[in-house]
Amino acid sequence: MESDSRIGAPRTPSSQLSWVYLSKNLLLAYQSLGVVYGDLSTSPLYVYSNTFTGKLQNHHDEDTIFGAFSLIFWTFTFIPLLKYVLIVLSADDNGEGGTFALYSLLCRHAKLSLLPNQQAADEELSAYKYGPSTQNVASSSFKRFFDKHKKLRTALLVVVLFGACMVIGDGVFTPAMSVLSSVSGLQVAEHKLTDGEVLLLACVILVGLFALQHCGTHRVAFVFAPIVIIWLLSIFSIGLYNTIHWNPKIVYALSPHYIIKFFRKTGKDGWISLGGVLLSITGTEAMFADLGHFTALSIRLAFVFVIYPCLVVQYMGQAAFLSKNPQSIPKSFFDSIPGPVFWPVFVIATLAAIVGSQAVITATFSIIKQCNALGCFPRVKVVHTSKHIYGQIYIPEINWILMVLTLAVTLGFQQTTLIGNAYGLACMTVMFITTFLMALVIIFVWQKNILLAASFLLLFWFVEGVYLSAAFIKVPQGGWVPLVLTVIFMVIMYIWHYGTRKKYNFDLHNKVSLKWLLGLGPSLGIVRVPGIGLIYSELATGVPAIFSHFVTNLPAFHKVLVFVCVKSVPVPYVSPEERFLIGRVCPRPYRMYRCIVRYGYKDIQRDDGNFENQLIQSIAEFIQMESVEPQFNSSESSSIDGRMAVISTLSAQSTLSIVEFEHENISGNESVQSSRSLTLQSLRSVYDDENPPIRRRQVRFQLPQNPGMDPAVREELMDLIQAKEAGVAYIMGHSYVKARRSSSFLKKLVIDIGYSFLRKNCRGPSVALNIPHISLIEVGMIYYV
């Protein structure tokens, strides 16, 4: 947008809009310094000490140190600046970033999803159509190739989950590496401190860091950005001072010529040292992964104008200092700090390390949540810690597991060199996978030439492959830890995904026949008691097996039945206006409906206590819509179990079909009195006294006078209101999944032991869906898969 820059010129709406846009992004850029760049900005604490280990200790001359700085500078320029800032940040999914955002884009544009519950209606979501919809020749041929080889979809999901597991590994190594590196600076000033005492102090800080996670990042987020800014100004000033004071010639090392000299002199030892150099870019993935909280422009501004110059000058200053003081390499950062400012810098370094660790831990929670949405991780408790910032969550079980693993790594390795080997391998693996997914996005989503995608892939894979090979060399010296953790988490994810898929397929192949259901008649051959029965199932179509199991074992069912399916769709967020998908399961006299509640992979299911009311309003809106719109009422067969409608909760609340009132203020001719017995009411009051319920909005519905309304529609709406007044029951299957007797030993091991163990020790579906226990009915079933 162009703005009039002449002095005294009146400000146009365009210039005002441009200024508002820029100021908003500048504010977000400031905030991103504390959330996104905490990890990346603390790398100078340990890069040089980890680079000059092993046989490279024999090469402490000026040319080698200049070459190491040149390597760091060009690595920092090539991967964070060129790859991420200029290219990868453009591959967002409705503003969201990270590995799952790339996978979600591929699932939508190339139909690579493995989730079996996708429907055509999902493609009508506003977030689903993000990006170009046309396909070029290259993407079409690739899509046919993926369609032909179905196992490639599974392989792609495995690659994505492998990257996710490595990110979880980052959540273990980042706190251990950052905190131990910062605390070890004490030994520079206090020579009497032993390694054991420093280790103990680091463990105390780590325990405190994880213990405070339940408070939520938002409570201390306002101090994050100032801490990182002070830290960046400190390291910039120290780097500038060291460059001028010790060796201004270090500026010449910006030339890549020094990289050639470095490898000529060090050979294989120099190649192995790349495992330390790559630590300079750890935390780069956070720029893309945390994109959802900011904008691509704000993250670019922060990196180009603040992070990049500050870190380059700091690395340059450290190299200038080490070229004259090679004996200081083991404590290079703290030795290079001028004496008068040592203690202030030490304090701010420790705080910056904590900030960086905090951001990575929060990102780990987000990754676990997204794996859960894909059906690849057991159900865990997700706590939303901020009313204002949507994406900030806390997962208690994962938090304590991370704490135990971090303490085990810290106490087990006891030195940053070994932790750095593990840390570098985990970070570079994630970047390697991002490059691969990005190449697929260039073909399928951006619709670019296959040669462009191949050039991108080969160029960055060549560079990252060199670093990755150097990291793999150090597998025996600590690099094995992320591999072991990844294998453990991958086994957990595979078992859960395999068991969940088998259970879904069992439900799919054992659906109740609609022919049998229609043969029972509107009464289903049993007594229909007052009330609404919400039957939860993972099926998006058809009637689940638990329904027939219930009907054959109990002689009564509720007058209104709603089959509820809560499912994830491959978009980051689903707006409340598009969340409910309402349809009819049987003809009108049966009073049986279907409701599909859709969530994105970053959505959080909050217990706002208003689900029942929204559901009633949505069904009422559907009933009225069905009677008016011809496509819903064209034939009796179409209304049996066919077309569904997206019902906006906002439009449903504004509809004239039924009106909701606060519980205390009920009036009107056709309002329905509660049919709950006094005994049931007294029992419920005793339960509420012992278990204080979540405060829910108590409402009742009534039907306004409308002479023009179809009598059949009025009767159905009155039945719905009466059923709501009588009470709502939640019906779920309490399933036991077992392998068939004819199954192989491996399948029995996975299902009967692995999947069974995970199901018993994860959160139950009723808890995960915030279903009130007082209204829950569980139907026991055995699934032989």
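Within every chain, residues take consecutive numbers counted from 1 along the sequence as written. Where local features are concerned, this predicted model is filtered to residues with pLDDT of at least 70; where side-chain atom pairs are given and counted, the filter is 80 or more; whole-chain, interface and lining totals use all residues. No hydrogens and no water enter the side-chain calculation; it runs on all heavy atoms of the structure.

J.: Would you take a moment to explain the overall build of the protein for this structure?
T.: Runs of H or I in DSSP of at least four residues are treated as helices and runs of E of at least two as strands, each being numbered from the N terminus. Secondary structure summary: the protein contains 30 helices and 11 strands in total. Under the scheme applied here, a residue whose accessible area is under 20% of the maximum for its type counts as buried, over 50% as exposed, and between as partly exposed, the area being computed with a 1.4 Å probe on protein chains only. When each of the 785 residues of the protein is scored for burial, the buried share is 55%. Contacts spanning at least 24 positions in sequence make up 84% of the contacts within the protein whose residues lie at least 6 apart. We get accessible surface area from the Shrake-Rupley algorithm with a probe of 1.4 Å; when it comes to residues, only the shown protein chains can shield them. Working note: accessible area of the protein is about 33600 Å², and carbon and sulfur atoms make up 63% of it. By definition in these notes, contact holds between two residues if any of their heavy atoms fall within 4.5 Å.

J.: What is the right way to read empty space enclosed by the protein from this model?
T.: Taking a probe equal in size to a water molecule and rolling it over the atoms shows the remaining empty space. Think of a 1 Å grid over just the protein atoms. A cavity is a set of points where a 1.4 Å probe fits yet cannot get out, a pocket is an open set with protein on both sides within 12 Å along at least five of seven lines, and lining residues have an atom within 4 Å of a point. Grid points are joined across faces, edges and corners, and a volume is the space filled by probe spheres set on the points. In the structure shown here, the tally under the stated rule is three cavities of 30 Å³ or more. Of the pockets and cavities examined, the largest cavity occupies roughly 100 Å³. Around the largest cavity, the lining is made up of 12 residues, and of these Ser 104, Leu 374, Val 569, Pro 570 and Tyr 601 lie nearest the centre. The element best represented in the lining of the largest cavity is helix H5 (residues 99-109), accounting for four residues. Its residues placed into classes, the lining of the largest cavity shows nine nonpolar, three polar and no charged. Two domains share the lining of the largest cavity, each providing at least three of its residues, namely domain 1 (36-133 + 142-497) and domain 2 (512-627 + 642-658 + 708-784). The nonpolar class holds Ala, Val, Leu, Ile, Met, Phe, Trp, Tyr, Cys and Pro. Asp, Glu, Lys and Arg form the charged class, and all remaining residues, Gly among them, are polar. For the domain bounds, the source is a domain assignment made automatically or taken from a database.

J.: Is there a simple way to think about the side chain of Glu 578 in this case?
T.: Mapped onto the elements, Glu 578 comes out in the loop between strand S4 (556-568) and strand S5 (580-584). No salt bridge is formed by the buried Glu 578; its nearest oppositely charged neighbour, Arg 598, is found at 6.1 Å. Counted as a polar contact is a pair of N or O atoms within 3.5 Å, where, for protein atoms, one must be capable of donating a hydrogen and the other of accepting one, and residues adjacent in sequence contribute only when both atoms are in side chains. Here the side chain of Glu 578 touches Ser 126 through a polar contact of 3.1 Å, side chain to side chain. For Glu 578, the residues in contact, after removing those within four places along its chain, are Glu 124, Leu 125, Ser 126, Arg 598 and Val 646. Two residue types count as positive, namely Lys and Arg, and two as negative, namely Asp and Glu; His and chain ends fall outside the count. The salt bridge definition used is simple: a Lys or Arg side-chain nitrogen within 4 Å of an Asp or Glu carboxyl oxygen.

J.: Would you mind going over helix H15 (residues 296-324) with me for this structure?
T.: Helical geometry note: an α-helix holds 3.6 residues per turn, so side chains three or four residues apart project in the same direction. Each helix should span, by expectation, one fewer than its residue count multiplied by 1.5 Å. The terminal C-alpha atoms of H15 lie 41 Å apart, and with 29 residues this matches the ideal 42 Å at 1.5 Å per residue to within 8%. Two axes enter the definition of the bend at a residue: one is fitted to the seven residues ending there, the other to the seven starting there, and the bend is the angle between them. Of all the bends in H15, the greatest, near 40°, is centred on Phe 303.

J.: Would you explain the environment of Leu 240 in this entry?
T.: Here Leu 240 shows up in helix H10 (residues 221-246). Residue class for Leu 240 comes out partly exposed when judged on its relative accessible area of 39%. Spatially, the C-alpha atom of Leu 240 lies 9.3 Å from that of Cys 310, the residues being 70 residues apart in sequence.

J.: Looking at this structure, I do not really get the packing of helix H4 (residues 62-85) against helix H20 (residues 450-473). What am I missing?
T.: In helix packing, the relevant descriptors are the interaxial angle and the interaxial distance, both defined with respect to the helix axes. Axis definition: a line fitted to C-alpha atoms, limited for helices to the stretch in contact. Angles are taken between N-to-C directions and run from 0 to 180 degrees. One can describe the packing of H4 onto H20 by two numbers: an axis separation of 12 Å at closest approach and a directional angle of 135°. Judged on the interaxial angle alone, H20 and H4 are oblique. Relative to H20, H4 is oriented so that their crossing is left-handed. Contacts from Leu 71, Thr 75, Phe 78, Ile 79, Leu 82 and Lys 83 of H4 reach H20 at Leu 459, Phe 460, Val 463, Glu 464 and Tyr 467. Each residue belonging to the contact of H4 with H20 can be placed in one class, and the counts come to eight nonpolar, one polar and two charged. Convention used here: angles under 35 degrees read as roughly parallel, angles over 145 as roughly antiparallel, angles from 65 to 115 as roughly perpendicular, and any remaining angle as oblique. Crossing handedness follows the turn of the near helix against the far one: under a right angle anticlockwise gives a left-handed crossing, and clockwise gives a right-handed one.

J.: I keep staring at the sheet that holds strand S10 (residues 728-738) and nothing clicks. Help me out?
T.: Either a parallel or an antiparallel arrangement is found when strands of a sheet pair, and the pairing is made through backbone hydrogen bonds. Two strands form a pair only when DSSP identifies at least two bridges running between them. Pairing is mixed across the open sheet formed by seven strands, whose spatial order is S7-S5-S6-S4-S3-S10-S11. What marks the edges here is a single partner per strand, and that holds for strand S7 (644-647) and strand S11 (776-784). When the angles between neighbouring strand axes are averaged without regard to direction, this sheet yields 25°. Bridge count between S5 and S7: four bridges; the pairing is antiparallel. Its bridge partner lying in S7, Phe 580 is registered against Ile 647.

J.: So what exactly am I meant to see when it comes to the packing of helix H9 (residues 195-211) against helix H18 (residues 396-413) here?
T.: At a closest axis distance of 10 Å, the pairing of H9 and H18 adopts a crossing angle of 170°. In this view, H9 runs roughly antiparallel relative to H18, as classed from their interaxial angle. In contact with Leu 199, Cys 203, Leu 206, Val 207, Phe 210 and Ala 211 of H9, H18 contributes Asn 399, Trp 400, Leu 402, Met 403, Thr 406, Leu 407, Thr 410 and Leu 411. Residue composition of the contact of H9 with H18, grouped by class: 11 nonpolar, three polar and no charged.

The values reported here are purely geometric and, on their own, carry no functional implication.
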